[in-house]
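Chain and residue survey
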Amino acid sequence: MGTGSSVTRGASISGNDLTNGDLFEVNGEVRHIPVEMNSRRALPLSLRSIGGSLGRVRRRGSSTKSALAGENDDEVDKHFLHELEAHKLKEFRELRLANERLEEENRRLRHELKMQTSAAGKLREDRHNCLQSEAQACERAAALEREKDKIQNLFKMYRESKEKELQDLLRAKRELESKLQKFHSSKPMLGDDLNLTSGTPQRGSSSDLFSNHPGEWWAPLDISELSSQPMNTMRGPELAQALMEADGPFTNVSKIDWSVATLSLTQSQLVWQPCSILRVYMCAGPDMTEEAQILQQLCYRLHSVCEAENRFFQFMYLPFETSKATARNVEKYRPIVRKELERCDIFVAFLGSAHSKFMKDEIELGHLNSPAAKPAVFVFKNDSIGTNISSRQRGGSSNKSLVALLKTKIRATGKAKIFEDCVGCKEAAEVAYEELASLVQIELSDCSEMDSALAEFCDEQEIPQSVIQDRRDEAEQIEILSQFITTPGTFGFEKYFEHLDEHVSGSGPLPPLLVLGDEGSGKTQLLAKWVERQREKSPGTLVLYHFSGQPGSCSSDPVLMMRRLTAEMMRLGGGPYSLPCDASRLETEFPRWLDKVASHRQGGVILVIDSIDRLESGEQHLGWLLDPLPVDARVVLSATDQTCPEAWRMLPAMKIQPLSSRDARSLLRVWLGNTKTLITSEQEVKLISNGKATVSPLPIVLIAKYLASDSNATTLGSRIEACVNCQCVKDIVCLILERQEVETESDGFKGFVAQVLSLIACSANGLSVSEVIHLAPAPLTVWTPLYYALIDRHIVAETAGLLRPTSEQVCQAIREKYMPLSEQRNSCYQQLAKFFQERLCSVTNRLSDELPRILCTLDDKGKLQEVISNVFVFIRLYRRGRCSQLVRYWQVTGADQVGMAQHYCDAIGRLQEGDASTDKLKRVACLYENVGRFLRDLGLMSQAVGPLQRALEVREQALDPDHPSVAQSLYQLGNLYTQWGKFGTAEELYQQAMEITDTSCGAESPQMARHLEALAILYKKQDRSEEAESLHRQAVVIQQKLQSQPQSKKLHGASKDRLRRRALQLEELAMSPESPGLARSLNELGVLYYLQDNHEVAEQFFKRALQMRENILSKDHADIAQSLHNLASLYNAQERFSLAASLYERALAIRQKAFPSEHPSVATTVNQLAILYRKQNEYTKAEPLYKQALEIREKSFGASHPSVATALNNLAVLYCKMHKYSSAEPLYQRALKIYEESFGPGHFRVAETLRNLAVLHYDKGDFESAARLYKQCTDIKEQGPSVSRPPSEFGKSEWAGDSRSLYA
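Residues numbered from 1 in each chain as written. Predicted model: local features only at pLDDT ≥ 70, side-chain atom pairs only at ≥ 80, totals over all residues. Heavy atoms only, no water.

So, on to the overall build of the chain. Along the backbone of the chain there are 51 helices and 14 strands. Buried positions account for 48% of the 1304 residues belonging to the chain. Contacts spanning at least 24 positions in sequence make up 72% of the contacts within the chain whose residues lie at least 6 apart. Carbon and sulfur atoms make up 52% of the accessible area of the chain, which amounts to about 63200 Å² in all. (Helix = DSSP H or I, 4+ residues; strand = E, 2+ residues; numbered from the N terminus. Buried < 20%, exposed > 50% of the residue type's maximum accessible area, 1.4 Å probe, protein only. Contact = heavy atoms within 4.5 Å. Areas by Shrake-Rupley, 256 points an atom, 1.4 Å probe, with all protein chains shown as cover.)

On to unusual backbone geometry, then. Its identity as a non-glycine residue notwithstanding, Ala 800 has a phi of 55 degrees, on the positive side. Tracing the chain through its elements places Ala 800 in the loop between β13 (796-799) and β14 (802-805). Positive phi is not limited to glycine here, since Asp 1023 has a value of about 60 degrees. Relative to the helices and strands, Asp 1023 is located in the loop between α38 (1006-1021) and α39 (1025-1044). Owing to a relative accessible area of 67%, Asp 1023 belongs among the exposed residues under this scheme.

Next up on the list: the packing of helix α12 (residues 471-485) against helix α14 (residues 523-537). Where α12 contacts α14, the axes come no closer than 8 Å and their chain directions differ by 95 degrees. What the angle tells us is that α12 and α14 run roughly perpendicular. Mapping the contact onto sequence places Leu 481, Phe 484 and Ile 485 in α12 and Thr 524, Gln 525, Ala 528, Lys 529, Val 531, Glu 532 and Arg 535 in α14. In terms of residue class, the contact of α12 with α14 is made up of five nonpolar, two polar and three charged. (Axes fitted to C-alpha atoms, helices over the stretch in contact; angles between N-to-C directions. Parallel < 35°, antiparallel > 145°, perpendicular 65-115°, else oblique. Nonpolar A, V, L, I, M, F, W, Y, C, P; charged D, E, K, R; others polar.)

Our focus in this paragraph is the nonpolar core. The biggest cluster of nonpolar side chains holds 154 residues, and the ones touching the most others in it are Leu 351, Ile 363, Trp 783 and Ile 795. For this core, the element with the highest residue contribution is helix α24 (residues 752-762), accounting for nine residues. Excluding its chain neighbours within four sequence positions, the residues that come into contact with Ile 795 are Val 733, Ile 736, Leu 737, Leu 757, Leu 790, Arg 804, Pro 805, Thr 806, Val 810 and Ile 814. The next biggest cluster of nonpolar side chains, apart from the first, holds 74 residues, and it includes Leu 1169, Ala 1247, Leu 1250 and Ala 1254. (Core = buried A, V, L, I, M, F, W, Y, C linked by side-chain atoms within 4.5 Å.)

Attention now goes to the pattern of salt bridges. Side-chain pairs of opposite charge can arise where the charged atoms are in close proximity. In this structure the tally under the stated criterion is 50 salt bridges. Between Glu 1004 and Lys 1041 there is a salt bridge; the shortest N-O distance is 2.6 Å. Placement of the pair is Glu 1004 in the loop between α37 (983-1000) and α38 and Lys 1041 in helix α39, with a sequence separation of 37 residues. Here Glu 1004 falls in the partly exposed class, since its relative accessible area comes to 48%. Residue Lys 1041 is classed as partly exposed on the basis of its relative accessible area, which comes to 39%. In the salt-bridge network here, residues are joined through shared partners; they are Asp 473, Asp 849, Arg 880 and Arg 882. (Salt bridge = Lys/Arg side-chain N within 4 Å of Asp/Glu carboxyl O.)

An order of β9-β10-β11-β8-β12 is seen for the five strands of this open sheet, with the pairing classed as parallel. Each edge of the sheet is formed by a strand with only one pairing partner; in this case those strands are β9 (542-547) and β12 (653-655). With direction set aside, neighbouring strand axes in the sheet form an average angle of 15 degrees. Pairing of strand β8 (residues 513-517) with β12, which is carried by three bridges, proceeds in the parallel orientation. The residue bridging Val 515 from the neighbouring strand is Met 654, located in β12. (Pairing = 2+ DSSP bridges.)

With that settled, consider the packing of aromatic side chains. Counted according to the given criterion, the structure contains 18 aromatic pairs. Considering the side-chain rings of Phe 378 and Phe 380, the 6.1 Å spacing of their centres and the 50 degrees angle between planes classify their relative orientation as tilted. Each member of the pair Phe 378 and Phe 380 is classed as buried. Measuring from centroid to centroid gives 5.6 Å for Trp 890 and Tyr 904, while their planes differ by 80 degrees, and the two rings are edge-to-face. Taken together, the residues Trp 890 in helix α32 (residues 883-893) and Tyr 904 in helix α33 (residues 897-912) connect sequence positions 14 residues apart. Both residues of the pair, Trp 890 and Tyr 904, belong to the buried class. Each residue in the set Phe 874, Tyr 878, Trp 890, Tyr 904 and Phe 934 is aromatic and connected to the rest through ring pairs, giving one cluster. It is Lys 982 that lies over the ring of Trp 980; its NZ or CZ is 3.8 Å from the centre. Across from the ring centre of Tyr 971, 5.8 Å away, lies the NZ or CZ of Arg 1010, which sits over that ring. (Phe/Tyr/Trp six-rings, centres within 6.5 Å; stacked < 30°, edge-to-face > 60°. Lys NZ or Arg CZ within 6 Å of the ring centre and 35° of its normal.)

The next subject is the sheet that holds strand β3 (residues 277-284). In a beta sheet, neighbouring strands pair by backbone hydrogen bonds and run either parallel or antiparallel. Strand order in the open sheet formed by five strands is β4-β3-β5-β6-β7, with parallel pairing between adjacent strands. Looking along the sheet, the strands with just one partner apiece sit at the ends: β4 (312-317) and β7 (417-419). For this sheet, the mean inter-axis angle between neighbouring strands, taken without regard to orientation, is 15 degrees. Its contacts with the sheet put helix α8 (residues 359-368) on β3, β5 (346-351) and β6 (376-380), and the angle it makes with β5 is roughly 145 degrees.

Here we come to the environment of Gln 1122. Take Gln 1122: it is sitting in helix α43 (residues 1118-1133). The spacing of Gln 1122 and Asn 1083 is 39 residues in sequence and 8.9 Å in space, taken between C-alpha atoms.

Looking now at the pairing of β13. Burial of the side chains of β13 extends over both faces: Val 796 and Glu 798 are buried on one face and Ala 797 and Thr 799 on the other. Bridge count for β13 against β14 is four bridges, and the pairing is antiparallel. Note that in β14 the partner of Glu 798 across the bridge is Leu 803. Count of turn residues in the β13/β14 antiparallel hairpin: two residues, of which Ala 800 carries a positive phi of about 55 degrees.

Here we come to the confidence of the model for the chain. Any segment with low pLDDT has predicted coordinates that should not be analysed in fine detail. Scored by pLDDT, the chain has a mean of 76; 75% of the residues are at 70 or more. Summarising per-element confidence for the chain, the mean pLDDT is lowest in helix α3 (residues 206-211) (31) and highest in strand β10 (residues 605-610) (94). Between residues 1-30, whose pLDDT stays under 50, and residues either more than four places distant or in other chains, the model counts 27 contacts. Across residues 448-466 the pLDDT falls below 50, and counting only partners more than four positions away or on other chains, this stretch makes 59 contacts in the model. (pLDDT = per-residue confidence, 0-100.)

On the surface, Phe 80, Leu 81 and Leu 84 cluster together into a nonpolar patch covering about 250 Å² of accessible area. Structurally, Leu 81 is set in helix α2 (residues 64-186). Using a relative accessible area of 45% as the deciding quantity, one classes Leu 81 as partly exposed. (Patch = residues over 30% accessible without salt bridge, like charges linked within 9 Å, V, L, I, M, F, W, Y side chains within 5 Å.)

What follows covers the side chain of Lys 374. Along the chain, Lys 374 falls in the loop between α8 and β6. Asp 345 is the oppositely charged side chain nearest to the buried, salt-bridge-free Lys 374, at an N-O distance of 7.3 Å. Within the structure, Lys 374 has its side chain in polar contact with the backbone oxygen of Cys 344 (distance 3.4 Å). Not counting residues within four places of it along the chain, the set of residues in contact with Lys 374 comprises Leu 341, Glu 342, Cys 344, Asp 345, Phe 347 and Gly 366. (Lys, Arg positive; Asp, Glu negative; His and termini not counted. Polar contact = N/O pair within 3.5 Å; in protein donor to acceptor, adjacent residues only side chain to side chain.)

To continue, consider the pairing of β4. Within β4, six of the six residues are buried, which leaves it mostly tucked inside the rest of the structure. Burial of β4 is two-sided: the residues Phe 312, Gln 314 and Met 316 facing one way and the residues Phe 313, Phe 315 and Tyr 317 facing the other way are all buried. Sheet analysis places β3 next to β4, joined by six bridges and oriented parallel. Its bridge partner being in β4, Val 280 is matched across the sheet by Phe 315.

Along its 16 residues, helix α47 (residues 1202-1217) runs 23 Å from first to last C-alpha, staying within 8% of the 22 Å computed at 1.5 Å per residue. With 15 of 16 residues buried, α47 is to be regarded as a mostly interior element. Once α47 finishes, His 1219 follows within two positions and takes phi at roughly 65 degrees, a positive value. (Expected span 1.5 Å × (residues − 1).)

Our focus in this paragraph is α38. Between its terminal C-alpha atoms α38 stretches 23 Å, which fits the 22 Å expected from 16 residues at 1.5 Å a residue. Where α38 is concerned, the buried positions are Met 1008, Ala 1009, His 1011, Leu 1012, Ala 1014, Leu 1015, Ala 1016, Leu 1018 and Tyr 1019.

Turning our attention to the packing of helix α29 (residues 845-858) against helix α30 (residues 861-868). At a closest axis distance of 9 Å, the pairing of α29 and α30 adopts a crossing angle of 160 degrees. When the axis of α29 is compared with that of α30, the two are roughly antiparallel. α30 is crossed by α29, and the crossing has left-handed handedness. Every residue of α30 that contacts α29 at Leu 851, Pro 852, Leu 855 and Cys 856 is listed here: Lys 863, Leu 864, Val 867 and Ile 868. (Left-handed = near helix turned anticlockwise from the far one by under 90°.)

If you want it as structure tokens, here you go:
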């Protein structure tokens, strides 16, 4: 046995002599394991060698021990070989089984593959069939769409033709009424039941149904048919159901018409009034320039009056002939005069004995050509009055005949206010100013937003929860849309329109479509024209739009944009008009309203936002655009390619490509087409080939404006060369401005163009004309031509009364040309800040929008904090939803939330000092409440408690503890504590508010419904579901009752008062304190209020009209009888019969003296008084009146007219009530015969007459006859609706007996 130590050297034994068990590893080194070995020979190398050794014969001399060892080895080898063979057989069997399984699996997979291949073929075939079906469906849809368009066009043509026919019929009706009036004047006769369309009534005709009335005996209102026919000989409406006079302002007004009108009034609170500027044009003769100058000085007072109403006042007086600078070029100013006269709202003229070159044109355009188009004021001075000046001093011709002719024509119009024989220049100017101020007040009252800086938010009535919507924002958007729609040139837009149409018509929810383009590429014009196209193409689709202005302007605020659009959707969606102030709430509410309105609109909603990259913090506030949008809503955005934020670039985009050479040339021709500038084709090519400067619409438009700025053809070539050398929009703008400087500064006003444009470019929202004139003083003869030139040359645009650069590129060009240094810009900002700071004594919306932004730009934190701490500035911003701006301003000042609240409370406290009157305290309380609500909206609960609590204390001090304003303060405090989570305190406050409201306003008032709803929400938050549901049901019941009232009754008191004030103001300011015309208007206003069931106000108007007529007219005048009749009709409707009877009697006495006995006015009063006596059971007084009415009808229409049958029925009804059955029966029989002959035996009037006869026989005890007559009546009524009485026209029947059954 060896030790194997020699093996470790690795040299004596080769690797083939080692077995698998001989090696092991120690620390990564392979070593041999010591084993016992045969020392005489080497170990066998393999099994084969072992088998060979077993087969060899053992040599002689081998030891027995070795032989035994070999035999053992052979047995081991055999056993090992046996196991090896068995293992191989086992593995072979397993492999064979596995192979069989694999083959089986392979066959199965091949079968499945074959089946799937077959299925795939079928699917491909089905897909092909579906595509074919889809194509066929698209073809059918296109055909249906074409057919739909065709039908719509046919329907449009049909509608237009029918409308024309209707207009022709109305015109013919008016002509017939005019002829009838003339006939009445020649031969008085009644026209109550006269069929104007046919001489002989036809049986069963629909005209008979409405031209002949059934009479008192089934009219639900005690008003006969006589009062529902036109009384053309009268000077006003008789009563509410009567037709108005033909030339009156309220002709043919019914209660339904009035309900529609009042509904329109309530929904038009946010509708934009298109006139943002109140323009006054004045002309004066050369001998009355002093009066004109005095009036011009007096009119400065009207600027603040108009600005308080959010309108701009513009006074235009252009004495071109007295200006030395413009005397050489008088004729070129004639178009300017014409434009100003076309735009002005009020015309004022001073006429002496001399006239100027423009005077005849001014008076003709301002008044004579259309006298009723605008108010006009004239001051005439006779030759004997005033100083004598020579023709040269006058500066004009002394052609007295022309001036006298003009005065005669002016007097002949009868539409102007004329003052004559004024002593002195000052008196003439003052009387003109007083009249002008009255006319301005009339214009302002038509679309006033707020009354004054305090009255706006200090109304004694409840302040609404929501802030108001600024109409100027809507005006700005509408004007921008209108400007771009009317801009010529849409070359290359068709392909973009198709892309936009495809996006809108797509199915399912779609992300917004982003329109990308370079500056000046026409994105805004493209979207504006597409918006107009969508409105025309899909009237059922709501198209909302927003055009962003320059950075820093109000239109670039995304929060204000969402407020405006949300308000529009709330108004159209019929939701409660309550706009939140908090930006985060708006971001939540806007998508909800978008979804709500889109799902309820037939065509869905399209939202277009232009220049989204200009919106401040747009990515922060408009993140909902990246969320899934409603299915029926489509959003289109636009942005400049270079400045578009990355967040919006993820959206599907449509890129606006540069203009092709052909489109550019066509656009240039369009813009040059309206001028006298003509260029050749070679010059066009030369201009268009100017690289980057002519690949967008904006530079092409500017080039066209520059070329057309000078009519001198000799300099056209040099101007074209200058344009060719321009490399960008800035260069072209500089060319235009240089040309403008030459024109303006030639009059001696050097630097005026630079001053004006610098101020406009530095303003945040633009400047009005009056502001520019004040900041850059210059004569109107210099400013007006510059104004029109800048607008015509596309440098500035006037939007909502404000002048601003037409585009951001133009604004940048102005700044770089005139204000390249920051010091120059700061100087303009400081000038603007000083201008607005001087007006802090009378805060307007304009000041609150502009001044804080300018101070932020100047980084003047001290002045900024002083301005925004002003409570009037705060109110102007807060009430219009500028909360985010307020917070931003306070953040700039560095003040914290506690400091902000303290500043406002201190400012209100200073305002409260001194005057402790009730009115002042009410205003202070409103201020505290608004500050508290503002802080609450911002989530500053602890800071909001103080102001709201102080508002409650002040109101309890100034008002009665049970005043509705005290309940309002408690309600606001309850809202605060509810939002704060202090439910116990909130519940107590709500209950106190409800107790006061129940006492002061009633249990079914809108305030009570609001309080109940608030308390129900509070209980719901406390999981008190049953109590919450009960309160909610009570609130719903109150709201349903309020909604069931006529629409006119649901008008707020402020709206009614505004209507009344407006109507009276129109008359009282235009007429003397008492006049027949004013009395007539008061009478008509009384009729209107009667139509809306406002009897209290109607009574005031009727009484005032009656009193005025009694003061200025004779006691037997017909107009006094009219007022007596109308007031009596009102008392009759109120069941104040004793008052009505005396008035009817007075009216009848006057009319019997003033008119013949057969006159319609006499017949009307006779019939009304008879009805009244019957209601009072004074049958003896009613009988002669009914007989008189019957006689009048028999004389007017003949014995067989249906109107006579009606009078017979009325008299028979009275006899039945008097139990004179023998007298009543022949009257019924005669009426029945007339109705059968006129309308046929199956008419509903025949049925009603039979029914009255049945009741008569029943009361007499003749039951058999009663049953027979009643059966005839029911048979007629059961024949069909064509013979039934129209319930909407005549209502419930009123007959001689009571309403019991005949066989009870």
